[in-house]
Amino acid sequence: MKFIKVISISDGNEKDLKLTVDSVKNQIYQNYKHIIIAKKLSKKFIKKNKSIKNKFIIGKDSSIYSAMNIGEKLSYDSYTIYLNSGDIFYSNNSLGIINTESKTKSNNQFVSVLKYKNIIFYPKK
């Protein structure tokens, strides 16, 4: 079982971040830590979403790149997934699939499929 760190970057939009937090929380695979880096969040939001699986880092970044660097430093020893605020996993078994695939292949890279309403954007090969 691989330990996976999920990094989420937020500008403080709690509505979008809630979608992401719930998507990670609903994963069947539980060997993860969700690191949430945000410019600002209300104490109410943090208290409501606090868990042993989450780590909140608030107000420590100066830009999106700074936030990503903070996340990178905290996840150097684990598999890392960036799931930005407002993004969600495709299914509740996404982390489980990533864990399984990482066992069978030595060089893994997963890509995002974007969906907007009924339009799906696939990455170019």
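Residues numbered from 1 in each chain as written. Predicted model: local features only at pLDDT ≥ 70, side-chain atom pairs only at ≥ 80, totals over all residues. Heavy atoms only, no water.

Visitor: Quick question: what am I supposed to make of the pairing of strand 3 (residues 54-58) here?
Guide: Look at any regular strand and the pattern is simple: side chains alternate between the two faces of the sheet. Pairing between strand 2 (residues 32-38) and strand 3: five bridges, direction parallel. Residue pairing in the sheet places Ala 38 in a bridge with Ile 58 of strand 3. This β-α-β element, strand 2 to helix 2 (residues 43-49) to strand 3, shows right-handed connectivity. (Pairing = 2+ DSSP bridges. Helix = DSSP H or I, 4+ residues; strand = E, 2+ residues; numbered from the N terminus. Right-handed = clockwise from strand over helix to strand, strands pointing away.)

Visitor: How should I be thinking about the side chain of Ser 94 in this particular structure?
Guide: Considering the arrangement of structural elements, one finds Ser 94 in helix 4 (residues 94-104). Of the residues examined, Ser 94 reaches a relative accessible area of 10% and is grouped as buried. For Ser 94, the residues in contact, after removing those within four places along its chain, are Gln 27 and Phe 89. (Buried < 20%, exposed > 50% of the residue type's maximum accessible area, 1.4 Å probe, protein only. Contact = heavy atoms within 4.5 Å.)

Visitor: How do you make sense of the layout of surface pockets when you look at a structure like this?
Guide: Gaps between atoms show up when a probe of the same size as a water molecule is rolled over them. Taken as a whole, the largest pocket holds about 1200 Å³ of empty space. Looking at the largest pocket, it is lined by 29 residues, and the ones nearest its centre are Leu 83, Phe 89, Val 111, Ser 112 and Val 113. Counting only elements with at least two residues in the lining of the largest pocket, the list comes to strand 4 (79-82), helix 4 and strand 5 (114-116). It is helix 4 that provides the largest number of residues to the lining of the largest pocket, a total of five residues. (1 Å grid on protein atoms, 1.4 Å probe; cavity = no way out; pocket = protein on both sides within 12 Å on 5 of 7 lines; lining within 4 Å. Points joined across faces, edges and corners; volume = space filled by probe spheres on them.)

Visitor: Mind showing me how you'd approach the packing of aromatic side chains here?
Guide: Given two aromatic rings, one states the distance between the centres and the angle between the planes to describe the pair. Scanning all chains against the criterion turns up one aromatic pair. Consider the rings of Phe 45 and Phe 56, whose centres lie 6.5 Å apart with planes at 85°: the pair is edge-to-face. In this pair, Phe 45 is assigned in helix 2 and Phe 56 in strand 3, connecting sequence segments eleven residues apart. For Phe 45, a relative accessible area of 7% gives the class buried. Looking at Phe 56, the relative accessible area reads 19%, which means it is buried. The ring of Tyr 32 has Lys 53 sitting right over it, with the charged end atom 5.1 Å from the ring centre. (Phe/Tyr/Trp six-rings, centres within 6.5 Å; stacked < 30°, edge-to-face > 60°. Lys NZ or Arg CZ within 6 Å of the ring centre and 35° of its normal.)

Visitor: When you look at helix 3 (residues 64-74) in this model, what are you seeing that I'm missing?
Guide: When helix 3 is considered as a whole, its buried residues turn out to be Ser 66, Ala 67, Ile 70 and Gly 71. An end-on view of helix 3 places all buried positions within 140° of arc, on one side of the element. Within helix 3, the exposed residues directed more than 90 degrees away from the buried face are Tyr 65 and Lys 73. Of the surrounding elements, those touching the buried residues of helix 3 are strand 1 (4-10), strand 2, strand 3 and strand 4. (Arc of directions from axis to C-beta.)

Visitor: I keep staring at the pairing of strand 2 and nothing clicks. Help me out?
Guide: The buried fraction of strand 2 amounts to six of the seven residues, a majority that puts the element mostly inside the structure. Here strand 1 runs beside strand 2; their pairing, made up of seven bridges, is parallel. Counterpart to Lys 5 in the pairing with strand 2 is Lys 33. Tracing the backbone out of strand 1, into helix 1 (residues 14-25) and back to the parallel element strand 2 gives a crossover that is right-handed.

Visitor: In this structure, what is going on with the nonpolar core? I would like to understand it.
Guide: Counting residues in each nonpolar core, the largest one holds ten residues, listed as Ile 4, Val 6, Val 24, Tyr 29, Tyr 32, Ile 81, Leu 83, Phe 89, Leu 95 and Ile 98. Dropping the residues within four chain positions of it, Ile 81 is found in contact with Ile 4, Lys 5, Val 6, Ile 7, Phe 89, Leu 95 and Ile 98. (Core = buried A, V, L, I, M, F, W, Y, C linked by side-chain atoms within 4.5 Å.)

Visitor: Quick question: what am I supposed to make of the confidence of the model for the chain here?
Guide: Fine structural detail should not be taken from predicted coordinates in areas where pLDDT scores are low. When pLDDT is averaged along the chain, the result is 87; 94% of the residues meet or exceed 70. By mean pLDDT, the top-scoring element of the chain is strand 2 (95), and the lowest-scoring one is strand 5 (72). (pLDDT = per-residue confidence, 0-100.)

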